[in-house]
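# Structural description and commentary
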Amino acid sequence: SPENQFLGISPEDEKYYKSSEVIKCKDGSKKFSRAQLNDDFCDCPDGTDEPGTSACPGGKFYCRNVGHTPLLVFSSRVNDGICDCCDGSDEYDGKVKCPNTCWEAGKVARDKLKKKIATYQEGVAVRKQEVEQAKVAMAKDEAELSKLQNEEKILKKLVEQLKERKEQIEKAEEKERLQKEKEEQERKEAEEKANLEKTKVEEEVEHDRNEVVENSDGEHKPTESTYEDKIGILEDSHSYQDTAENHDDLAAKDDHIDTPEHKGSLVEGVEQHAVKQKEESVAISETDSDSGSKVPPDEGKDASEKTESLSREELGRLVASRWTGEDASREGGDVDNAKDNDHEDHVEAPKDTHGGEYDGYASESDDDNQQYDDEDVEADDDFGEVDHGDSDSSYKYESDTDSDLSDVTTSTSWLEKIQKTVLNLLQAVNVFQTPVNRSEAASVRKEYDESSAKLSKIHSRISSLTQKLKHDFGPNKEFYSFYDRCFESKQNKYVYKVCPYKQASQVEGHSTTRLGSWEKFEDSYQVMVFANGDKCWNGPDRSLKVRLKCGLKNEVADVDEPSRCEYVALLSTPALCLEEKLQELQHKFELLNKEQPQGHDEL
Amino acid sequence: WKKDEFRNCNQTPFCKRARARKPSSSSLIAQDVAIFDGELTAKLFPEKTQENPDEQDQDRIKPLVLSLSVYQDGILRLKIDEDPKLDPPKKRFEVPDVILPEFSNKKLWLQKLSTETIGGDAGPSSIVYLLDGYEAVLRHDPFEVYVREKGGNRVISLNSHGLLDFEQLRVKRDGEEWEERFKGHTDRRPHGPQSISFDVSFYEADHVYGIPERATSFALKPTRGPGIEDSEPYRLFNLDVFEYLHESPFGLYGSIPLMISHGKSRGTSGFFWLNAAEMQIDVLGSGWDAESGISLPSSQSRIDTLWMSEAGIVDAFFFVGPGPKDVVRQYTSVTGTPAMPQLFALAYHQCRWNYRDEEDVEQVDSKFDEHDIPYDVLWLDIEHTDGKRYLTWDRMLFPHPEEMQRKLAAKGRHMVTIVDPHIKRDDSYFLHKEATEKRYYVRDATGKDYDGWCWSGSSSYLDVLRPEVRSWWAEKFSLENYVGSTPSLYIWNDMNEPSVFNGPEVTMPRDALHQEDAEHRELHNAYGYYFHMATADGLVKRGDGRDRPFVLSRAVFAGSQRYGAVWTGDNTAEWDHLRVSVPMILTLGLTGISFSGADVGGFFGNPEPELLVRWYQLGAYYPFFRAHAHHDTKRREPWLFGDRNTERIREAIHIRYMLLPYFYTLFREANTSGVPVVRPLWMEFPSEEATFSNDEAFMIGSSLLVQGIYTEHARHASVYLPGKESWYEVKTGVAYKGGRTHKLDVNEESVPAFQRAGTIIPRKDRFRRSSTQMVNDPYTLVIALNSSQAAEGELYVDDGRSFEFQQGAYIHRRFVFSDGKLTSLNLAPPSPGQAQFSSECVIERIILQGLTTGQKSALIEPENQKAEIEKGPLLLHSRRGPTVITIRKPNVRIVDDWVIKLL
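As a starting point, this report considers the structure included with it. Values in this document were obtained by computation on a predicted structure and should not be read as measured data. (Residues numbered from 1 in each chain as written. Chains lettered and ligands numbered in written order. Predicted model: local features only at pLDDT ≥ 70, side-chain atom pairs only at ≥ 80, totals over all residues. Heavy atoms only, no water.)

Here the focus is the sheet that holds strand β27 (residues 452-454) of chain B. Residue and element names in this part refer to chain B. Reading across from one edge, β26-β28-β27 is the order of the three strands in this open sheet, with antiparallel pairing throughout. Two strands close off the open sheet at either side, each with one partner strand: β26 (422-424) and β27. For this sheet, the mean angle separating the axes of adjacent strands, direction not counted, is 60 degrees. Direction of pairing for β26 relative to strand β28 (residues 457-461): antiparallel, over a ladder of three bridges. Following the sheet pairing, Lys-424 is matched in β28 by Ser-459. (Pairing = 2+ DSSP bridges. Helix = DSSP H or I, 4+ residues; strand = E, 2+ residues; numbered from the N terminus. Axes fitted to C-alpha atoms, helices over the stretch in contact; angles between N-to-C directions.)

Laid out in structure tokens, this is it:
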């Protein structure tokens, strides 16, 4: 047993042990005599009687570590031949000699702590500033939203009025047209009577015209059958079990599929293409998985018989892929390398346009999209100024294509202007005037088109602002600026992109793997969770957890994959530089410094 | 499980043929019976040879040669082969290096045989002595061999149903087709049919057991017979089976052709056929032979079995028992007892496919310390290598392997790396270069180096049948040759069935060639065994014969126990797989492989936390205790499932560390006697029928009974506790009466475990980072007194690592409690001049359960010191646990003789 009967006891606890001759086990289970304290026999299952020995597995040993920080180590470390306390007090049975390293270790620790405090001090200030800016930005967004909602209401009414007027005009025009037709008909009938002799010729002409119509029908059919053939090819390719389709082929096929669906609307086609492609790559991944095992669940028998036709190498890769989940069709290269990269090949297409957050974007597929795109400005210029200076690894979220609407939001006059114009129009245009004034009708139409376009822009801006403001930006909105930013970290061949509130991805060359979509903060805003990323074959959907720590710059580092397809990363950010934590660190530093001279003397 | 990928009996011509044969179809008659060279010899003639001497030469069945030899301790050996004097086209394969060389010293030199005409036989039978009370009988016509008790009762017999068929090697007839095709693979079968089949009967057997490896019940169910659903025979063919089922007669990674029968009245007997070709075995349900007209002694109940093998010879061993431990001792006297492992190997192993890099290793290692969970070994799977070139490192991930190992070693921990038998065909790879130059690879049927596909892609396989290849391979493990290795590094042999991804049934073609002209079909089941042997020898050489090797192998054959541990391969994280791990480990133990375990947590899939915790609680009692997981699974280190579960797993691991002295003692017992560490209940209670088919509970040694929990949310468990004495629940100290089934309340904190009254278990209740730091820690003796207030137990201790114990450097004590005093007796024989082992370890605590008297102190002799007796905790690590009568701080040394008297 230790020479010092009170070994392993913390100063705060000494009173507990010294106050009487009979001491209670802290769990109240029994009592023990002073002689039984640290006598290397466990009397209290909670270890009360053996703070200085290894006799009680549940106990803790207190090292004073003068010159450094006191430490509680598990009783299992006492006299186990390994130096755990820097003062060496945990090893006293003479089997091993532990030098006192507290002074050196303490200095290192103090220096480290000092640096950390410095970071925090600066960080707290930066954070304060950011919190202020966030408040302003948020207030601005909120103001904009409420303004837009107001404008929306007014504009909606105007559009309705214009629409009503437009329809009235159209009705009048229709009436005019019918009237005209009637007159024409009457005129024709008169003429026909006069030209009865020319009937024969007329009939022939009619006949030709029918033929032309038939031909055009006939032309339509082959188009459809071509499309079906393409589908056929694609389906076949699902059951082909050899190679992953390359992306370009896929895209080409997508076009064929999409063509009949979007009926020539280029814009919509592009939109759908993007969505479609996502679905397609999922489908292809699954196909690949099947090709991995070569036994699609529903046709196990067929496929396993097919193995007979494989080359010996193909068969080897195929069987290996059961365990590894890698793409069995991969040619050349080390099989082991393939293990890591599995099927990132076919997830090239950016899938940003997919998912609920982008509904607004998807709904923008109006006919006047071309014009709309012209107006499109990089989102939220004003935020650019907020995060100046520390954007080494961060940048704005590029694929966020929310339209700025700065033209509509910055000036208040536009709405008045429209209101005025509309009012003028409505008053000016006399619906009951026949014939309809052509130029006035055109004005109404134009004004209607423009106003409804504006309305839809406002809609989408409202929806994106609402989306944004729904998020949890932390107790002090300190994460508000994260919404429109991405952080990047390059590690070996990969670039990791973390876009808070949106998504995270791993980019290798032209191929992008989604690590997850924004899910939430965890662990009281110390962790950002991205979930439901691209699926891993035979594994979970990819996910990423980003741990946040105080730092002066927003920087992502240490991306790691401790479990297959479950990634972790570290993000330093001033947002985590909390005042309370700083005080805690300062307090700790003071304590360390207090012990310091005394410790030195003891040495 | 890809059923279509593997052959069933009907797709396996020799199996189909053998299964279709009717009883009495064998026409062999023993002639020229004589004693020669201390053995009984005879020739087996087919009846018709004599009747039709003019039959075409090529079709004539030539006489076979037979020998019966007898070995000490009740072992009868029967060999049947073709007569080398008659110029067979090729010598049939005999499995080398499995039978212990010293076994031949145990041969009894037969002097005489007696002749007897039994029952209504027309001809005579020859009888030789086997063991006191036992005789071996060779019945001449019809040919039959059996073992009987002196009084006439049969024990085991061969060919009693006349199913023996011995396909002789011959020249191919015109137009005959010998090739066999399966799933696009062609087996050339250049030597044609050469299979052997015969029936074996076990008398007065209630059940038969053994013939691993497969996932099924411990007591083997009949595969054929009236009222039995048609089943495949039990297959013995080492295969890498992807996602194997938890209930199937299908063979897995290992093959041990040893069957053990057990019955209440007669006891235990065993039959072992040393043959490494594919084997299929039917257990025939009672009444299967009703139509045959064959009459065997009807007073004796019987289990009949049909044994079929594709090639080789008959080299069969009959073990008379009569106790379960006798049979195991007899069998291991032929194939060897389990090697004595290092102490650390019995502790907890942490594995995963894969700990990716040095940082990962450091992280995991430090997390164990942070959570105060002990572990001894960290494992690296295939990804640590440079492109699956074994014995190399991926220097990107593991730039400093020696330093990494030294850091672990500083905490008394070890590392294991994987080394598989497929060698990457890469001309710049030193192993491939050398093996190619030396022509050390297995060749394909055309004579070229066989090229198969495995982790490393295009690969070749060492011809480890050849001793010179094994010895070359062993050299590769020296610290100089295995760059980046240190003395604390040990080895894991995986994929050694061998697994060949593009081979027939995911293994090597049967017509591949070994040595001179041995075909792979003849030795397939022993391939992994030879590789395991060579690797283990390599570690022995590395340590200059002073460091016991540790090599884990997946493939198994008879004798593997001499080389290291095995595990049950790629199981799945399901409750049924947890359950079947017990019969699998029991079966391995019964057939000599004491050191085995299943992947804790299940290799494939993600276990629910409850299943994982239950697996740790059960796995802590496996002889080999390792957690492992597939690389697609979520991380599942013990601290990842919340504080409560971390605590439960920690406690399960603590129990293992606490029991290490007991386990180590049992491993020594296995090392000397072959008796397994983990045993079926009937091995300890051979006459209790209620235990015969129990494979949910098992014994650790003779003192501890463990009942696993195999269902989710279990609140109750039924446990049968055998014998007349009581049992003390390990955690609660509650006593339960023996000889009945108890319905127990269970909770999630532990699985039920009981100490049998009348036993003493040595423990070390302090735990450390690893077993290494426990060496000097004091012991606790847990005494459970029986109804006569008596108990006994043993403790074996040595240096835990070297071979010096073989020279007598060990402590072996027997503790006996009776008449109110505990005595420590020396079991180690005096070994003057030999190596010595000593220890300063003392016994700090003696727990007395079931003591009916109320003494307050004890006197320690010869020092005449007093120790107090008081209430103390039963388990130190469990808070609020029960208190029990404890002798406080007797502090007697384990090396000394002493007596502690209760006053």
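What follows concerns the pairing of strand β20 (residues 279-284) of chain B. Side-chain direction in a regular strand flips from residue to residue, so the side chains alternate between the two faces of the sheet. All names here are of chain B. With six of six residues buried, β20 lies mostly within the body of the structure. Alternating positions in β20 separate into two faces, Met-279, Ile-281 and Val-283 on one and Gln-280, Asp-282 and Leu-284 on the other, with burial throughout. Inspection of the sheet shows strand β16 (residues 234-236) paired to β20 by three bridges, in the antiparallel sense. For Tyr-234, the partnering residue across the bridge sits in β20 and is Ile-281. (Buried < 20%, exposed > 50% of the residue type's maximum accessible area, 1.4 Å probe, protein only.)

Moving on: the packing of aromatic side chains. Here the structure, examined in full by the defined rule, presents 71 aromatic pairs over all chains. Judged by centre distance (6.1 Å) and plane angle (40 degrees), the rings of Tyr-450 of chain B and Tyr-461 of chain B are tilted. Highlighted residues: Tyr-450 of chain B in the loop between α6 (430-437) and β27 and Tyr-461 of chain B in strand β28, separated in sequence by eleven residues. Tyr-450 of chain B gets classed as buried once you look at its relative accessible area, which sits at 5%. The class for Tyr-461 of chain B is buried, based on a relative accessible area of 0%. Ring centres of Tyr-529 of chain B and Phe-557 of chain B lie 6.2 Å apart, and the angle between their planes is 65 degrees; on these two criteria the pair is classed as edge-to-face. Residue Tyr-529 of chain B is located in helix α9 (residues 527-542), and its partner Phe-557 of chain B is located in strand β33 (residues 556-557); the two are separated by 28 residues in the primary sequence. Classification of Tyr-529 of chain B by relative accessible area gives buried; the value is 0%. Members of the aromatic cluster, each reached through a chain of ring pairs, are Phe-473, Phe-479, Tyr-480, Phe-482, Tyr-483, Phe-487, Tyr-501, Trp-518, Phe-521, Tyr-525 and Phe-530 of chain A. For Lys-764 of chain B, the ring lying beneath its charged end belongs to Tyr-779 of chain B, and the centroid distance is 4.7 Å. (Phe/Tyr/Trp six-rings, centres within 6.5 Å; stacked < 30°, edge-to-face > 60°. Lys NZ or Arg CZ within 6 Å of the ring centre and 35° of its normal.)

Moving on: a positive patch on the surface. Among the surface-exposed residues, Lys-112, Lys-116, Lys-549 and Lys-588 of chain A lie close enough to one another that they form a single positively charged patch. Of note, Lys-549 of chain A is situated in strand β11 (residues 543-550). (Patch = residues over 30% accessible without salt bridge, like charges linked within 9 Å, V, L, I, M, F, W, Y side chains within 5 Å. Areas by Shrake-Rupley, 256 points an atom, 1.4 Å probe, with all protein chains shown as cover. Salt bridge = Lys/Arg side-chain N within 4 Å of Asp/Glu carboxyl O. Lys, Arg positive; Asp, Glu negative; His and termini not counted. Charge placed at Lys NZ, Arg CZ, Asp CG, Glu CD.)

Here we take up the sheet that holds strand β38 (residues 697-700) of chain B. Residues and elements named next belong to chain B. Read across the open sheet, the six strands follow the order β37-β38-β39-β44-β41-β42; overall the sheet is antiparallel. Two strands in the sheet have a free side with no partner beyond their single neighbour: β37 (678-679) and β42 (735-736). Bridge analysis of β37 against β38 gives two bridges, and the strand direction is antiparallel. Bridging across to β38, Val-678 finds its partner in Ile-700.

Now for the pattern of salt bridges. Going through the model one piece at a time under the given rule, you end up with 120 salt bridges over all chains. Between Arg-177 of chain A and Glu-181 of chain A there is a salt bridge, with the nearest N and O atoms lying 2.6 Å from each other. Remark: Glu-181 of chain A and Arg-177 of chain A occur in helix α2 (residues 102-194); sequence separation between them is four residues, near one turn of the helix. Residue Glu-181 of chain A is classed as partly exposed on the basis of its relative accessible area of 42%. Between Asp-560 of chain A and Arg-356 of chain B there is a salt bridge, with the nearest N and O atoms lying 2.8 Å from each other. With Asp-560 of chain A in strand β12 (residues 555-563) and Arg-356 of chain B in the loop between β23 (348-350) and α4 (358-370), the pair connects residues from two separate chains. Residue Asp-560 of chain A is classed as partly exposed on the basis of its relative accessible area, which comes to 27%. With relative accessibility at 21%, the residue Arg-356 of chain B sits in the partly exposed group.

The partner chain B presents 58 residues to the 50 residues of chain A that form the contact. When the area that chain A buries against chain B is broken down by residue, the three leading residues are Phe-41, Arg-322 and Trp-323 of chain A, summing to 18%. Connecting chain A to chain B are twelve salt bridges. The interface formed by chain A and chain B includes 25 residue pairs in polar contact (both at pLDDT 80 or more). Of all the secondary-structure elements, those providing two or more residues to the side of chain A that touches chain B are α6 (300-306), α7 (312-324), α8 (335-341) and β12 of chain A. In terms of residue count, α7 of chain A provides more of the side of chain A that touches chain B than any other element does, ten residues in total. In terms of residue class, the side of chain A that touches chain B is built from 16 nonpolar, twelve polar and 22 charged. (Contact = heavy atoms within 4.5 Å. Buried area = accessible area lost by both parts, 1.4 Å probe. Polar contact = N/O pair within 3.5 Å; in protein donor to acceptor, adjacent residues only side chain to side chain. Nonpolar A, V, L, I, M, F, W, Y, C, P; charged D, E, K, R; others polar.)

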